[in-house]
Amino acid sequence: MAKILVVDDEAVYCEQLRMILTRLGHEVRATESGAAAVHIDRTFCCDLLLIDWMLKEPASGLEIANTLRTANPEAAAIMITGYPVDQLVDQAGETEGIRFLQKPFGADALREAVAKALGA
């Protein structure tokens, strides 16, 4: 299975995602901070980044994703968001390899998005 880094500033949501992905057999690290995610991934080197678009810090989820993927270009990324995805695709611009998952979503939608992002 894959190494997945979850970044969501809502602690309960972050923990729920970690638990679901762990039950699916993935090795998961989770944090509520984009800065902590950058630190964690220096040694964890994730296969997939699952990150909230709107973090409660100066850097957006997209900025954190781009930072992590600069150091680890093979990593896939899924942006989770409550905003309409079509608007965000334009904002993501030419960033390759980023997929979107719109809230609210269930475990099945999460499993499917992860499988697609990992190329399974």
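Here the structure is shown first, and the text comes after it.
Below: a short report on this structure. Being a predicted model, the structure only gives us computed values, none of them experimental.

1. Comments concerning the pattern of salt bridges
- Tallying each qualifying case throughout the model produces six salt bridges.
- Across the pair Asp 52 and Lys 103 runs a salt bridge whose closest N-O atoms are separated by 3.7 Å. Separated by 51 residues along the polypeptide, Asp 52 in strand 3 (residues 48-52) and Lys 103 in the loop between strand 5 (98-102) and helix 5 (107-117) bring together distant segments of the chain.
- For Asp 52, a relative accessible area of 5% corresponds to the buried category.

2. Some details on the packing of aromatic side chains
- Under the defined criterion, the tally for this structure stands at two aromatic pairs.
- Measuring from centroid to centroid gives 6.1 Å for Tyr 13 and Phe 105, while their planes differ by 75 degrees, and the two rings are edge-to-face. In this pair, Tyr 13 sits in helix 1 (residues 11-23) while Phe 105 sits in the loop between strand 5 and helix 5, placing the two residues 92 residues apart along the sequence. Each of the two residues, Tyr 13 as well as Phe 105, counts as buried.
- Over the face of the ring belonging to Phe 44 we find Lys 3, whose NZ or CZ atom lies 5.0 Å from the ring centre.

Conventions used here
Residues numbered from 1 in each chain as written. Predicted model: local features only at pLDDT ≥ 70, side-chain atom pairs only at ≥ 80, totals over all residues. Heavy atoms only, no water. Salt bridge = Lys/Arg side-chain N within 4 Å of Asp/Glu carboxyl O. Helix = DSSP H or I, 4+ residues; strand = E, 2+ residues; numbered from the N terminus. Buried < 20%, exposed > 50% of the residue type's maximum accessible area, 1.4 Å probe, protein only. Phe/Tyr/Trp six-rings, centres within 6.5 Å; stacked < 30°, edge-to-face > 60°. Lys NZ or Arg CZ within 6 Å of the ring centre and 35° of its normal.

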